[in-house]
Amino acid sequence: MSLDFEGSYIDQSALVVMHYQADVFNILFGEQPSPLLDECNDLIRRWRVTGRPVLFPNFFLGENYEHASQHNRLISSIVPSGYFRNSQPMTGLAIEPHDVFYKCPRASVFYGNSLDADLRARGIRTLVMAGISTTGVVLSSITWASDADYDVRLVRDCCYDPDHAAHEALFRTGFGGRVQVV
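An account of the accompanying structure is given in this report. What you are looking at is a predicted structure, and each value in this text was computed from that prediction instead of being measured.

Rules and cut-offs
- Residues numbered from 1 in each chain as written.
- Predicted model: local features only at pLDDT ≥ 70, side-chain atom pairs only at ≥ 80, totals over all residues.
- Heavy atoms only, no water.
- Salt bridge = Lys/Arg side-chain N within 4 Å of Asp/Glu carboxyl O.
- Helix = DSSP H or I, 4+ residues; strand = E, 2+ residues; numbered from the N terminus.
- Pairing = 2+ DSSP bridges.
- Contact = heavy atoms within 4.5 Å.
- Axes fitted to C-alpha atoms, helices over the stretch in contact; angles between N-to-C directions.
- Buried < 20%, exposed > 50% of the residue type's maximum accessible area, 1.4 Å probe, protein only.
- Parallel < 35°, antiparallel > 145°, perpendicular 65-115°, else oblique.
- Nonpolar A, V, L, I, M, F, W, Y, C, P; charged D, E, K, R; others polar.
- Phe/Tyr/Trp six-rings, centres within 6.5 Å; stacked < 30°, edge-to-face > 60°.
- Lys NZ or Arg CZ within 6 Å of the ring centre and 35° of its normal.

### Topic: the pattern of salt bridges
A complete count under the given rule lists 7 salt bridges for this structure. As a salt-bridge pair, Glu 168 and Arg 156 come within 2.5 Å of each other at their nearest N and O atoms. In this pair, Glu 168 sits in helix α6 (residues 164–172) while Arg 156 sits in the loop between β5 (151–154) and α6, placing the two residues 12 residues apart along the sequence. Here the residues in one salt-bridge network are Arg 48, Glu 96 and Asp 99, joined through shared partners.

See below:
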């Protein structure tokens, strides 16, 4: 199924591009260019024609890891790496001055910030989402969004996970029926 850019849902929708940030690309792809960035930039450019918001929530544990918990298995394993002390977007990402950025201290982009409140204040009911990694930010965020009664459209071509088998399994099952995969 492809994404309908003219559907009636557009008036109450936003594009949410999750964890397309420098640290993530450095960890996953190193110096190698990733076609994922081109795919996402194409999505962003096509989305901009709708005039609807583009939001960029990125993982951020604090400059001095003040948001890192030693009781969180995943986060405590990240601290020694030195990553995620900033939330800089990936170089070359099609951002514009009016785009909105969020710092997210956990895998779910809705945790620890005003993203949900801001979406509701704008009357947003549908989230068109893309992100890295499928088993992390995507799974955590779409589960939360679905439980919060958002209509979630997940753009498969702009999602990635280094665990290819888990990535494919999640998309094959439609994330348990929580999303419309486009």
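### Quick notes on the sheet that holds strand β4 (residues 126–131)
The strand order β3-β2-β1-β4-β5-β6 describes an open sheet built from 6 strands, whose pairing is parallel. On the outer flanks of this sheet lie β3 (100–104) and β6 (180–181), each paired with one strand and no other. Examined bridge by bridge, strand β2 (residues 54–59) and β3 share 5 bridges and lie parallel to one another. Paired with Leu 55 across the strands is Val 100, a residue of β3. Taken strand by strand, helix α2 (residues 35–48) contacts β1 (13–18), β2 and β4, and its axis lies near 160 degrees from that of β1.

### Here's the deal with helix α5 (residues 134–147)
Taken residue by residue, α5 has Thr 134, Gly 136, Val 137, Val 138, Ser 141, Ile 142, Ala 145 and Ser 146 as its buried positions. Contacts made by the buried residues of α5 are with β1, β4, β5, α6 and α7 (174–177). Once α5 ends, the next one or two residues include Asp 149, with phi positive near 75 degrees.

### Topic: the packing of α5 against α6
Close contact between α5 and α6 brings their axes to 10 Å; oriented N to C, the two are set at 25 degrees. Put simply, α5 runs roughly parallel to α6. Across the interface between the two elements, Thr 134, Thr 135 and Leu 139 of α5 pack against Ala 166, His 167, Leu 170 and Phe 171 of α6. Of the residues contributing to the contact of α5 with α6, the split by class is 4 nonpolar, 3 polar and no charged.

### A few points about the packing of aromatic side chains
In this structure the tally under the stated criterion is 10 aromatic pairs. Ring plane angle 20 degrees and centroid distance 6.3 Å describe the contact between Phe 110 and Tyr 150, whose orientation is recorded as stacked. Of this pair, Phe 110 sits in the loop between β3 and α4 (115–121) while Tyr 150 is found in the loop between α5 and β5, placing the two residues 40 residues apart along the sequence. In this structure Tyr 150 comes out as buried when scored by relative accessible area, which is 6%. Aromatic pair Phe 171 and Phe 175: ring centres 5.2 Å apart, planes at 80 degrees, arrangement edge-to-face. The same class applies to Phe 171 and to Phe 175, which are both buried. Members of the aromatic cluster, each reached through a chain of ring pairs, are Tyr 20, Phe 25, Phe 29 and Tyr 160. Just above the ring of Phe 60 sits the side chain of Lys 103; from NZ or CZ to the centre is 4.6 Å. We note Arg 153 situated over the ring of Tyr 9; from NZ or CZ to the ring centre the distance is 4.1 Å.

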